[in-house]
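# Fold and geometry: a report
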Amino acid sequence: MSGKFIVFEGDDGSGKDTQIALLREAFAGRRDTVFTYEPGGGTALGAKIRAIVQDASLAIAPEADILLYSADRAQHMEEVIRPALDRGVHVLSNRFMLSTLAYQLCGRERRDLEPLFSAVHRYVVGQYEPDLTIFFDVPPEVALERTVSRGEKLTRFESRDSTFHERVRQGFLDHLPAPPC
């Protein structure tokens, strides 16, 4: 029996982290659930890629961005997600494919790169698509206010203007999978 793969999606400041922290607390001590995230996902390579893609001082070409997130996802699938699901363990992930699509393609207005994204995604993920995607929909102004209120250094995407975040939100809304029922 394989585990269920549940993904939490939404813009920075949408409340994903808060809800996942509450779930992590409620599930503490259980062996049937793994919590993970993208980019990074608990792999050594992922941690290095996360540092690169979140660095606000870097100007990363859109194609390179997609390939960096895809490389992270490939390692994440190999080391964390596939093994857990194959053992019958449920996987709850903070971000996955939909975030890449919303930020890198829609937010950056590079829909022309969708064929590259789709081909790499199909190859990397294979049959391990999420069983359920939970989207946290918050107006970009609210999300940005929450993000800034944390007092942390803003990442490359958090520091973008509200127009960018509106495109990201619309990207999420346009590409959400159909409800399971």
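Description of the structure in this document. (Residues numbered from 1 in each chain as written. Predicted model: local features only at pLDDT ≥ 70, side-chain atom pairs only at ≥ 80, totals over all residues. Heavy atoms only, no water.)

What follows is about the sheet that holds strand β4 (residues 132-136). Pairing within the open sheet is parallel, and its four strands lie in the order β2-β3-β1-β4. Each of the sheet's edge strands pairs with one partner strand only, and the pair in question is β2 (33-37) and β4. For this sheet, the mean inter-axis angle between neighbouring strands, taken without regard to orientation, is 20°. In this structure, strand β1 (residues 5-10) lies alongside β4, joined through five bridges in parallel fashion. (Pairing = 2+ DSSP bridges. Helix = DSSP H or I, 4+ residues; strand = E, 2+ residues; numbered from the N terminus. Axes fitted to C-alpha atoms, helices over the stretch in contact; angles between N-to-C directions.)

As a further point, take the packing of aromatic side chains. Per the counting criterion, the structure on display carries six aromatic pairs. With 5.0 Å between their ring centres and 80° between their planes, Phe5 and Phe96 make a pair best called edge-to-face. Note that Phe5 is positioned in strand β1 and Phe96 in the loop between β3 (90-94) and α4 (97-107), a separation of 91 residues in sequence. The class of Phe5 is buried, set by a relative accessible area of 0%. Aromatic pair Tyr103 and Phe172: ring centres 6.2 Å apart, planes at 85°, arrangement edge-to-face. Of this pair, Tyr103 sits in helix α4 while Phe172 is found in helix α7 (residues 162-175), placing the two residues 69 residues apart along the sequence. (Phe/Tyr/Trp six-rings, centres within 6.5 Å; stacked < 30°, edge-to-face > 60°. Buried < 20%, exposed > 50% of the residue type's maximum accessible area, 1.4 Å probe, protein only.)

As a further point, take α4. An α-helix turns once per 3.6 residues; consequently, residues spaced three or four apart project the same way. For α4, a buried count of 11 out of 11 residues is recorded, marking the element as mostly surrounded by other parts of the structure. Among the residues of α4, Met97, Leu98, Ser99, Thr100, Leu101, Ala102, Tyr103, Gln104, Leu105, Cys106 and Gly107 are the ones counted as buried. Buried residues along α4 sit in contact with β1, α3 (62-86), α5 (114-125), β4 and α7. Positive backbone phi, at 55°, marks Glu109, one or two positions downstream of α4. (Contact = heavy atoms within 4.5 Å.)

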